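# Structural features, examined
Below, each chain spelled out in residue letters.
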Amino acid sequence: MPCRRDAKRRIGIPYILAAENERERPTREGAARHAAHPLARRSAHWFARLAVILTVAIASGGAIAREAVHATPQGHPNIVVILADDLGYGDLSCLNAESKISTPRMDQAAREGMIFTDAHSPSAVCTPTRYGLLTGRYAWRTRLQSGVLLGFDRPLIESGRETVASFLRRYGYATAAVGKWHLGLGWQNSQGRPVTEQDGTTDDPGVDYEKPITQGPLTVGFDYFFGISASLDMPPYCYIENDRAVQRPSLDTNGEAFPRNWRPGKRSPDFVHEEVLRKCTEKGEMWLTEQKQEDPARPVFLYFALSAPHTPVLPEEPFRGKSRAGEYGDFVVQTDWAVGRILDTLDQLHLRDNTLVIITSDNGSTMTIRPFFAPYHHATNYHFRGQKSDAWEGGHRVPFIARWPGKIASGTTCDVTICLTDLMATFAQIIAEPLPNSCAEDSIGFLPLLTGEAASVGRPPVVMHSIAGKFAVREGDWKFIDARGSGGWSLPENHVPPEAPPGQLYNLREDVGEKENHFLAKPEEVTRLRDILTTIRQSGRSRTP
């Protein structure tokens, strides 16, 4: 069966023996000790021909209405989604027996819950994955056909679109986003107009930081936001709380050499790059604590989007030298610490037993082809080919751990293919409320996998997208890539040998490293998968209404 109860039977994943930190629940003091000594198949078969494409009504314009809140039934669990930034599958010591990095807090969560070994981000880069996670819809259905947004760019989430946050808030949840946003913001100029009508603005286009942000987390369902506009290497370098910059960026800053690099720009006096991960972690802890003090019975949804271990790689002093993978490894250790702090807070608030925690990443790591990183011999993306940006597995197969005591059996694994777009439908299953047909078009709930009630959920094929806008589709054992190269940085199209086939076809059951291309040998399979991809792209949805 794809989902197994016995962790000792894991294939390709080291069984994690019970360690000291398993016998005692974590505390803040325990987390501090770890900071000082910080100690990864087949999907359900699907092919339903969409002969008739239903016209889906678009949600009414404007921000999601707060007043449409339903009474909250007793027993809804708290939900915490921890989304790391560029964390590779092989970085976790519970997924890679030869990892040069110890991740005790994520390992502990894995022991106490379920590891998904075939989980995928919908994109191999940041912005489109975040859009997909929060909306349950592939980002290539929007204006963003390749690449990512920058810190001054306009919002990507459409006005009026239902999100995970707005849906859960509709059913009584308190909602917060903390950390990296990277989905565009409604910055205003001094005349109260949008600062830009296009994407890719690198220099400040005249933001009036005294004016509120007109579109952002608060207009897509979140009650509270604290964090940064985009990646930690993109200006503006300032903290944002709710709909305003905390301080105006007024100081010039230049990045250092890779991997401590960031783009030149302005930073606010209170903004120090090295402190961002820690300060956002503290805000996440604070919000959870305040919510439960104000209304202990109200369920919470925390979307904790870490800024690490994405560049700039900036581990703070207590974490330096704590790995065998250089500064990057040390930064992963600090990322693990941040995860642990949130888990500790749930324990201190007595929320562990009624909280679903999901720990995952927005895409693969980018360290694979970095020359400075090679001497460490650390397989940051495990044995998967490629890296962040690519349509190859290393670009989008991500770590995925789910913990929910009493609902998810501890020490289990699941080999069924899932996608981060599936979270929205899964949360709807958890609270037993239907999703409108006008949202979450590419979200397929997998609650039965979490609870062990089913071995598959009949998920449609998963579509992945690369930084260059190249498509891949996965159905069962087979994966088709509609590109000659990686679709990203590892092997750009203009570097592909001229004799290479026009596409790629891999059997991941037999060849998870994507070494043997069957494109020319199996033209019928290529045609079948290409037709599936075309249908999903043209239909506007992959979830059956």
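Quick notes on the rules
- Residues numbered from 1 in each chain as written.
- Predicted model: local features only at pLDDT ≥ 70, side-chain atom pairs only at ≥ 80, totals over all residues.
- Heavy atoms only, no water.
- Phe/Tyr/Trp six-rings, centres within 6.5 Å; stacked < 30°, edge-to-face > 60°.
- Helix = DSSP H or I, 4+ residues; strand = E, 2+ residues; numbered from the N terminus.
- Buried < 20%, exposed > 50% of the residue type's maximum accessible area, 1.4 Å probe, protein only.
- Core = buried A, V, L, I, M, F, W, Y, C linked by side-chain atoms within 4.5 Å.
- Contact = heavy atoms within 4.5 Å.
- Axes fitted to C-alpha atoms, helices over the stretch in contact; angles between N-to-C directions.
- Parallel < 35°, antiparallel > 145°, perpendicular 65-115°, else oblique.
- Pairing = 2+ DSSP bridges.
- Salt bridge = Lys/Arg side-chain N within 4 Å of Asp/Glu carboxyl O.

Moving on, we come to the packing of aromatic side chains. This model, assessed by the stated rule, comprises 23 aromatic pairs. Geometrically, the ring pair formed by Phe116 and Phe446 is edge-to-face, given 5.5 Å between the ring centres and 65° between the ring planes. With a gap of 330 residues between them, Phe116 in strand β3 (residues 114-116) and Phe446 in the loop between α9 (423-430) and α10 (447-451) connect regions that are remote in the sequence. For the pair Phe116 and Phe446, one class covers both residues: buried. Consider the rings of Phe372 and Phe373, whose centres lie 6.1 Å apart with planes at 65°: the pair is edge-to-face.

Time to look at the nonpolar core. Of all hydrophobic cores here, the largest spans 65 residues; its most connected members are Phe116, Trp181, Phe301, Tyr303, Phe400 and Phe427. Considering each element in turn, this core owes the most residues, six residues, to α9. Residues in contact with Phe116, not counting those within four places in the same chain, are Phe400, Cys414, Val416, Ile418, Phe446, Leu449 and Leu450.

With their axes 9 Å apart at the nearest point, helix α6 (residues 276-294) and helix α7 (residues 326-348) run at an angle of 10° to one another. Of the possible angle classes, the one that applies to α6 and α7 is roughly parallel. Within the contact between the two elements, α6 uses Leu277, Arg278, Thr281, Gly284, Glu285, Leu288 and Thr289 and α7 uses Phe331, Gln334, Thr335, Trp337, Ala338, Arg341, Ile342, Thr345 and Leu346.

This brings us to the sheet that holds strand β19 (residues 504-507). Across the sheet, four strands lie side by side as β16-β17-β18-β19; this open sheet has antiparallel pairing. With partners counted over all chains shown, the strands left at the sheet margins are β16 (462-465) and β19, one partner each. This sheet shows a mean twist of 20° between the axes of neighbouring strands, independent of strand direction. Its contacts with the sheet place helix α11 (residues 523-539) against β16, β17 (471-475), β18 (478-481) and β19, and it is angled at close to 110° to β17.

Sheet faces and side chains relate simply in a regular strand, where the side chains alternate between the two faces. Residue alternation in β19 divides its side chains into two sets, Gln504 and Tyr506 and Leu505 and Asn507, and both sets are buried. Inspection of the sheet shows β18 paired to β19 by four bridges, in the antiparallel sense. Within β19, the position partnered with Trp478 by the bridge is Asn507.

Another aspect to go through is the pattern of salt bridges. Following the criterion strictly, the structure yields 37 salt bridges and no others. The residue Arg143 makes a salt bridge to Asp199 at a minimum N-O spacing of 2.8 Å. Remark: Asp199 occurs in the loop between β5 (174-180) and β6 (224-228) and Arg143 occurs in the loop between α4 (126-135) and α5 (164-170); sequence separation between them is 56 residues. Here Arg260 makes a salt bridge to Glu274, at a shortest N to O gap of 3.1 Å. Pair noted here: Arg260 is in the loop between β9 (251-253) and β10 (265-267) and Glu274 is in the loop between β10 and α6, with a separation of 14 residues, a long-range link. Here the salt bridges do not stand alone but share partners, grouping Asp118, Glu393, Arg397, Arg474, Lys479 and Glu514 into one network.

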